[in-house]
Structures are given as C-alpha cells and as structure tokens.
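# Breakdown of the fold
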Amino acid sequence: MDITTHERLLIIDFGSQVTQLIARRLRELHVYCEIHPFQNVTDAFLAEFAPKAVILSGGPASVIDADSPRPPATVFDLDVPILGICYGQQVMMEVLGGKVESGHGTAEFGRAFVTPTAARLDLLHGWFANEKEQVWMSHGDHVAKIAPGFEVFGTSPNAPFAVTADTSRHFYAVQFHPEVHHTPNGAKLYENFVRIAGFTGDWTMGAYREQAIETIREQVGQKQVICALSGGVDSSVAAALLHEAIGDQLTCVFVDHGLLRLNEADEVVTMFRDHMNLKVIHADETELFLGELDGVSDPETKRKIIGRLFIDVFQKYANEIDGAEFLAQGTLYPDVIESVSFSGGPSVTIKSHHNVGGLPAKMGLKLVEPLRELFKDEVRALGVELGLPASFIGRHPFPGPGLAIRCPGEITREKLEILRKADAVYIDQIRKHGLYDEIWQAFVAILPVRTVGVMGDGRTYDFACALRAVTSVDGMTADYYPFSHEFLGETATRIINEVQGINRVTYDITSKPPGTIEWE
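Just so we're clear, the structure is a prediction, and the values are computed from it rather than from any experiment. (Residues numbered from 1 in each chain as written. Predicted model: local features only at pLDDT ≥ 70, side-chain atom pairs only at ≥ 80, totals over all residues. Heavy atoms only, no water.)

For the rest of this paragraph, the subject is the packing of helix α14 (residues 413-432) against helix α15 (residues 485-498). Two quantities define a packed helix pair, namely the angle between the axes and the distance from one axis to the other. Running from N to C, α14 and α15 cross one another at 145°; their axes reach a closest spacing of 10 Å. Handedness of the crossing formed by α14 with α15: right-handed. Packed against α14, whose contacting residues are Ala422, Val425, Tyr426, Asp428, Gln429, Ile430 and Lys432, the element α15 presents Phe487, Glu490, Thr491, Arg494, Ile495 and Glu498 at the interface. (Axes fitted to C-alpha atoms, helices over the stretch in contact; angles between N-to-C directions. Helix = DSSP H or I, 4+ residues; strand = E, 2+ residues; numbered from the N terminus. Left-handed = near helix turned anticlockwise from the far one by under 90°. Contact = heavy atoms within 4.5 Å.)

Of all hydrophobic cores here, the largest spans 95 residues; its most connected members are Phe272, Leu371, Leu382, Tyr426, Ile430 and Phe483. Examining the composition of this core, we find that nine residues originate from one element, helix α6 (residues 233-246), more than from any other. Among residues more than four places away in sequence, those in contact with Phe483 are Tyr426, Ile430, Leu435, Ile439, Ala469, Leu488 and Tyr507. (Core = buried A, V, L, I, M, F, W, Y, C linked by side-chain atoms within 4.5 Å. Buried < 20%, exposed > 50% of the residue type's maximum accessible area, 1.4 Å probe, protein only.)

The parallel open sheet is built from five strands, whose spatial order is β14-β13-β12-β15-β16. The open sheet has two free edges, formed respectively by β14 (279-284) and β16 (366-368), since each of these has just one partner strand. Pairs of neighbouring strands in the sheet enclose a mean axial angle of 30°, with direction left out of account. Here α6 sits on the sheet and contacts β12 (224-228), β13 (250-256), β15 (324-328) and β16; the angle it forms with β13, its principal contact strand, is near 155°. (Pairing = 2+ DSSP bridges.)

A word on the pattern of salt bridges. Taken as a whole and assessed by the stated rule, the structure comprises 24 salt bridges. The residue Glu28 makes a salt bridge to Arg25 at a minimum N-O spacing of 3.9 Å. One end of the pair is Glu28 and the other is Arg25, both in helix α1 (residues 19-28) and three residues apart, which spans about a single turn. Among the residues examined, Glu28 registers a relative accessible area of 45% and is labelled partly exposed. Judged by relative accessible area, which is 19%, Arg25 ranks as buried. Here Glu414 and Arg450 are joined by a salt bridge, their closest N and O atoms 3.7 Å apart. Taken together, the residues span a long stretch of sequence, with Glu414 in helix α14 and Arg450 in strand β17 (residues 441-455) at a distance of 36 residues. (Salt bridge = Lys/Arg side-chain N within 4 Å of Asp/Glu carboxyl O.)

The next thing to look at is helix α7 (residues 264-275). Taking 1.5 Å of rise per residue, the twelve residues of α7 would be expected to cover 16 Å, and the 16 Å separating its terminal C-alpha atoms lies within 8% of that figure. For α7, the complete set of buried residues consists of Glu264, Ala265, Val268, Val269, Met271 and Phe272. Take α7 and look down its axis: the buried residues cluster within an arc of 160°, on one side only. Those residues of α7 that are exposed and angled more than 90 degrees off the buried face are Asp266, Asp274 and His275. Close packing links the buried residues of α7 with α6, β13, β14 and α13 (390-393). Of the residues trailing α7, Asn277 is marked for its positive phi of about 60°. (Expected span 1.5 Å × (residues − 1). Arc of directions from axis to C-beta.)

Here the focus is the packing of aromatic side chains. By the definition in use, this model includes 16 aromatic pairs. Ring centres 4.3 Å apart and planes at 15° place the aromatic pair Phe483 and Phe487 in the stacked group. With respect to class, Phe483 is no different from Phe487; both count as buried. Through successive ring pairs, a cluster of aromatic residues spans Tyr426, Tyr480, Tyr481, Phe483, Phe487 and Tyr507. Just above the ring of Phe392 sits the side chain of Arg395; from NZ or CZ to the centre is 5.1 Å. (Phe/Tyr/Trp six-rings, centres within 6.5 Å; stacked < 30°, edge-to-face > 60°. Lys NZ or Arg CZ within 6 Å of the ring centre and 35° of its normal.)

Here the focus is the packing of helix α5 (residues 205-220) against α6. Two elements in contact, α5 and α6, have axes whose closest approach is 9 Å; the angle formed by their N-to-C orientations is 65°. One element, α5, and the other, α6, form an angle in the roughly perpendicular class. For the crossing formed where α5 meets α6, the hand is right-handed. Residues Arg209, Ala212, Ile213, Ile216, Arg217 and Val220 of α5 form the contact with α6, whose participating residues are Leu241, Leu242, Glu244, Ala245 and Ile246. Of the residues contributing to the contact of α5 with α6, the split by class is eight nonpolar, no polar and three charged. (Parallel < 35°, antiparallel > 145°, perpendicular 65-115°, else oblique. Nonpolar A, V, L, I, M, F, W, Y, C, P; charged D, E, K, R; others polar.)

Turning to its location among the elements, Ser62 is positioned in the loop between β3 (53-56) and β4 (82-85). Relative accessible area serves as the criterion here: at 16%, Ser62 is assigned to the buried category. Ser62 has contacts with Ser68, Tyr87 and Asp141, leaving out every residue within four places of it along the chain.

On to the pairing of β14, then. Where β13 meets β14, six bridges bridge the pair, whose relative direction is parallel. Across the sheet, Phe254 pairs through a bridge with His282, a residue of β14. Once you follow β13 into α7 and on to β14, the crossover reads as right-handed. (Right-handed = clockwise from strand over helix to strand, strands pointing away.)

Turning next to unusual backbone geometry. Looking along the chain, the bond that leaves Lys512 and enters Pro513 is cis, with omega of -15°. You will see that Ala50, though not glycine, has its phi angle at about 50°, which is positive. Tracing the backbone through its elements, the reader meets Ala50 in the loop between α2 (43-49) and β3. With a phi angle near 60°, Asp79 is a residue other than glycine that sits in the positive phi range.

Another aspect to go through is the pairing of β4. Of the two faces of β4, the one lined by Ile82 and Gly84 and the one lined by Leu83 and Ile85 are each fully buried. Where β3 meets β4, three bridges bridge the pair, whose relative direction is parallel. The residue of β4 that forms the bridge with Val54 is Ile82. Pairing of β4 with strand β11 (residues 171-174), which is carried by four bridges, proceeds in the parallel orientation. Each bridged residue has a counterpart across the sheet, and for Ile85 the counterpart in β11 is Val174.

Let us look at the confidence of the model for the protein chain. On average, residues of the protein chain score 87 in pLDDT, and 92% of them are at 70 or above. This model gives residues 341-357 a pLDDT under 50, and the stretch forms 41 contacts once residues within four places in sequence are excluded. (pLDDT = per-residue confidence, 0-100.)

Scanning the model with the defined rule gives zero disulfides in all. No disulfide involves Cys86; its nearest neighbouring cysteine sulfur is the one of Cys33, lying 19 Å away. Note on Cys86: relative accessible area 5%, which makes it buried. Distance from the sulfur of Cys252, which forms no disulfide, to the nearest cysteine sulfur (Cys227) is 4.6 Å. Looking at Cys252, the relative accessible area reads 0%, which means it is buried. (Disulfide = S-S within 2.5 Å.)

Structure below.
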C-alpha cells in the first residue's frame, strides 16, 4: 500500500513489549504511524520516510552498556517534534549530552505519581487536575543529568526528571509509559503531542478504502484472485474489499470441514454469495475431514490433520479456477510487526491466515494483502465502511480447527451435534443479556466424560460441558468473564433442558496464563 499521501509518524522501536500500544493510540487519533526497529532506521530510510514526528520507544537494554541501541544522530536534525518514552527518554538524554545512571534506589516498577513543576508544558495540557497524575513506571536506570536545553516539568518520588522537554526544539521525554492502561490520562498526552506536531488526522478508513482499492487494481490488473473465506472478521473484510476493487476477478473458497458452529456454513455462504454477489465455492468436505479424524484424540494430531487436509482441499478447488495468479490473505499489521525483532532480524514468521499457511509457495501464487497496514479495530472500522453486517464485523474469534479443539478426546458426530446446540444456546444467552460485545471470546467445550444425573424420575448418564468466556485486548493474555451466578444458573438450566445429551454444566474460571483460551 502506498501511504506517501498521508502524514506519517515514525516509531523507532528499542524492544519494548508495549510498543504496539503506542501505534494503536496514535491510530485512534487518525494518525498514520509505522514501527521500525532501530537498526533499520538509517539516514537513507529517514530521508525516504520523511516523518512529521518521531517517537522513541521503551526497551529492555541499559543505555549505560557500550553496545546499547541508539537512534541515528540525524533523527535529532530532522526539525520535527520527538517524544522519548522510558528507554527512549534515557537514550535521548545520553545522545544529547545528559547522563544516565543505574541503581541507587531510583528504580520504579508499577504505579507511580507525577507532580508538576511550576512551569507548564503544552505536552501535558489537561493533566494535573488533581495536583498529581497516576502513571506506569518500569525502569531500573534513571536520568541523573538532563541534556543542555532541557527543563524539568514533572517529577515522581524516584524519577526527579520524570518529564523533561526542550520546548524550543519540541523535544519531549518522559520516564513513564503513557501508552499503557495504567497511565489513565496517557491518551491525552499523545493527543497533545500530535497536535504540537501539526497532524491533521488524515488517516481514516474512508480514505484507506479508496486508496486500497486503487492499489489492488494496480497490483492485480486483469488477473484472477482466489481468497480463502472463513467467515471471520479478517477474511470477510478482505473479501469485501477485494470484491469492490476487482469484482468478478475474485473467487472465494469456503472450506466446510464439518467442524463449524450451528448454521455457520449457510450464514457465510448466503451473505457473500446471495447478498453481496461474490463468487463463492462452497467446498463441503465434511466426510473427508471427519473420516480422517475418526478415532484421533491427541490435540496436536487433530490440528495437523485439519491443516494438511485444508491445504489439499483448497488447492484442489483453486486449481479449477482458470488464470488464478494471486492469493488473498488477511495479514494484519501486528503480524508484520511481529515478523521482525527490534534488533532488525527475523523473530517469527509472519502469521498468515490460519487456513492458507504455506499455500503461496506451494501453489506459485503472488500474495495480495490488503489489510497489512491495519490493526484489528481498524479492520472492523473498514468493515463498517464496506457495509458488512454488524453481526459479522463484531464476531468473536473462531479457531481454524473449529469445534475439533472444543471437543477434547475423540471427535464423533454425536458429540459435535450436541456441542453445536449447546454453544448456540450459550451465545444466545450472552446476546440476550447484552454481554456479547463485552466479551472477547465465548464458547462451550464438551468434556470427554459422562456423568450421572436425574431428570424427572429417571436416571441420566450424559456428557458434561464447560462454558468459557474471556476478556482480552489481543488474545495474548485473558481473564475469565465475571458472569453473575444468576446468569450461569439460567444458562445451565437452558442447556440441560434444550440440549439432549448434556446433564451437567460447569464454568471455566482459568485465566491465560496459566491456561489457554481454547481447551486444546
């Protein structure tokens, strides 16, 4: 995607675990930004990128070490506002003539409170309504002497230079992390910084939509594109965007492996084929998948079988599409970021769509990745722009292996049918109580045990199930959702009454870590 028409902010990454949060805060302010490892930021890169402002991230290194990471000196000659955060503050001070020291009881980890000096700073407009501001600190080293031209505008008990600035050059440096939730007024600080830098907020999904369509048309020309459609947010938005750009040149392949939720295949195919007029191949391969999964109980073996079969099936149908030269994937910006470590080398492979991993090389296709500049919330906003139903845009994540990993032990048709019905009741309950949008992911797992029960005057010996619901920002960590006992009791009663084959309901209150969100 050509983003040269947008005002751009550069985030130089020194390895902080929360650098992505900086970018998300800025995108929420309609500011286009990119994260680049410090080693990749050369003089030539800076000249080409031409940032309107720069942010130096935090990081785990010590500025005192001889081989500690540094930004290029030319960053400070760009004549643009610069904000240094934590390690970014320290490296700014060190490079510009200040001094950083270690130890001496000045480390801070966790919640702290910053109080202002007598002078007021434009970066902190809207702060200190209650004389002090809560922030989140995470530093061992500390600034011992500020660089020439800087003044102190905020202090904390263990950070006498918590906020410093050279206002004549619009250089700002803070020891805390304004991007994290535990700095409640941090978003206001970023809002002030982009205002100081003169950003007009030209990064909108409406503008992105127009630009993406133009780029897709230039890349694809008159060639055919195939897209693996799962019905999830990423593939749905990618398919809708591609269809708007190239129309009938797009063919979507929806692989139905028999492990979907109740009525899911019909809903996905109906929406995209009948309501949006996309070409959709509904590849019903239920017998193939369930046949190969028969008798398999090991979770990793299940995943490998499903992944292998998916690639085989997708390739079979793709081969039937004449002239296909491109494969569309729902790669997002976090996937791109995670593919490069802060030192500039590869760390993990870019996470392509769970269903098409390995296909581009195997099939000799070129990739189209129209969402690779976007975060998940931006993808949802783009979906709104494209007119996708709210029920699809706001869907909870659903794993590629589907119900197979919510069915510990052997997979049988009987268990899948019970699981589908129980899951439908559970999600219906969540929606009826207005809780769906508060929850990151919710589902039922059917347990590989039968339990004794009593219904009417008779004895039952049926399956037990576990309800799971978690809150999360990105799925990396998660907490269980605190349902009321009334909700859980009502839901358990409905499942037992409406789903033949279940006579016991439990609620999973494990967080991640130590547990995972899915059961397998």
